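Remarks on the overall topology
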Amino acid sequence: MSLQFSMPTKDELKEDRIHDIIVIGSGPAGYAAALYAARAELNPLILTGHEIGGQVATTWEVDNYPAFPDGITGPELVERMQQHAVKFGAKMEMDSVTAVDFKQRPFTLVGYNGTYTARSIIIATGASPRKLGVAGEKELTGRGVSYCATCDGWFFKDKEVAVIGGGDSALEEALYLTKHASKVIIVHRRDELRAGPAMQQRARENEKIEFIWDSVVESIEGQDSLEYVKLKNVKTNELSDLSVDGVFILIGHLPNTSIFEGQIDIDDHGYIKHDGEMLTNVEGIWVAGEAGDPTFRQVITSAGMGAAAAIAAQRWLDAQT
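What counts, and where the lines are drawn
Residues numbered from 1 in each chain as written. Predicted model: local features only at pLDDT ≥ 70, side-chain atom pairs only at ≥ 80, totals over all residues. Heavy atoms only, no water. Disulfide = S-S within 2.5 Å. Buried < 20%, exposed > 50% of the residue type's maximum accessible area, 1.4 Å probe, protein only. Helix = DSSP H or I, 4+ residues; strand = E, 2+ residues; numbered from the N terminus. Pairing = 2+ DSSP bridges. Core = buried A, V, L, I, M, F, W, Y, C linked by side-chain atoms within 4.5 Å. Contact = heavy atoms within 4.5 Å.

This brings us to the state of the cysteines. On inspection of all chains with the given rule, the structure shows one disulfide. The disulfide partner of C148 is C151, and the S-S distance across this bridge is 2.3 Å. Residues C148 and C151 are joined by a disulfide whose S-S torsion is about 70°; by sign, that bridge is right-handed. For C148, a relative accessible area of 15% translates into the label buried.

So, in structure tokens, the structure goes:
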């Protein structure tokens, strides 16, 4: 399935043209923001980034987005979002932002294809799950390897799965998986968890959860789908095979915000700080989606943040005239 673009003209991309609003990112947050901005006749420009559609575009099936009771593939959902935004006048440029200047208005963005200026910005650059970086991980993503239990847990009903990680998020997701899976095996590289005491107690008391300590993933094996995970004990160096139907890698997320450091306020974990209307500490710049959401990280919440940011931006722009 190929995504269709409404490409800007050369005049629309002239370096001396000031856009009313530029959306950085082409995931659910970015497309929702562009849709609302386009309907407000702000003629938004979307700078797509190098991964069009964000994380959801790599998800084989989305089963929890409203209005699709039979599910929808991630690429198809992204394509529909894109078509909706373009229908109302959003323009797209396949470019990645490499540097920004938010110290003065209009704001300046530098990409591989040129320089862009805008009166307002919506940052929707998303976040990327931390990867293990082992053999088979990339090839089997969406075919037994997942980074989101809330998104994909339902597909492992009455099956055995492994969770890689030992923090609060990993245990929370493991507990969620017990609603569907017959067994959840938590694999942790140490002999004690990093999660808080209350979360640890809940996990230890759940009869569906088992633990494998002092172990790391050496490789993820399978042909067309996951077959087993090869583990190594970090104390003995002993190798073993763990046969499971799914493996959830839950070792954290990395917000895609490094280019904004020193330009706007970012917390210690890399997430952009914002108020209830998605406004950053810089007037005229909003954030939407996982770049500013360390808590929910869902397609629908990202889209909602994008809509909110665009509405707030429209009201702010109207007040400037």
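More follows now that the structure is in view.
Burial along strand β5 (residues 107–111) is one-sided: F107, L109 and G111 are buried, and none of T108 and V110, which face the opposite way, are. By the bridge criterion, four bridges tie strand β4 (residues 97–101) to β5 in an arrangement that is antiparallel. Residue pairing for β5: V100 is matched across the bridge by L109. The antiparallel hairpin formed by β4 and β5 contains five residues in its connecting segment. Where β5 lies against strand β6 (residues 114–123), five bridges are found, and the strand directions are antiparallel. Bridging across to β6, V110 finds its partner in T115. The antiparallel pairing of β5 with β6 creates a hairpin that spans two residues between the two strands.

This next bit is on the nonpolar core. Grouped together as the largest cluster of nonpolar side chains are 38 residues, with contacts concentrated most on Y31, I46, Y65, L77, I122 and W286. Those elements giving two or more residues to this core turn out to be β1 (18–24), α1 (28–39), α2 (74–87) and α6 (299–320). The greatest single-element share of this core, amounting to nine residues, is contributed by α6. Excluding anything up to four places from it in sequence, Y65 contacts L77, M81, V299, I300 and A303. I22, L47, F107 and I264 belong to the second-largest nonpolar core, a separate cluster that totals 20 residues.

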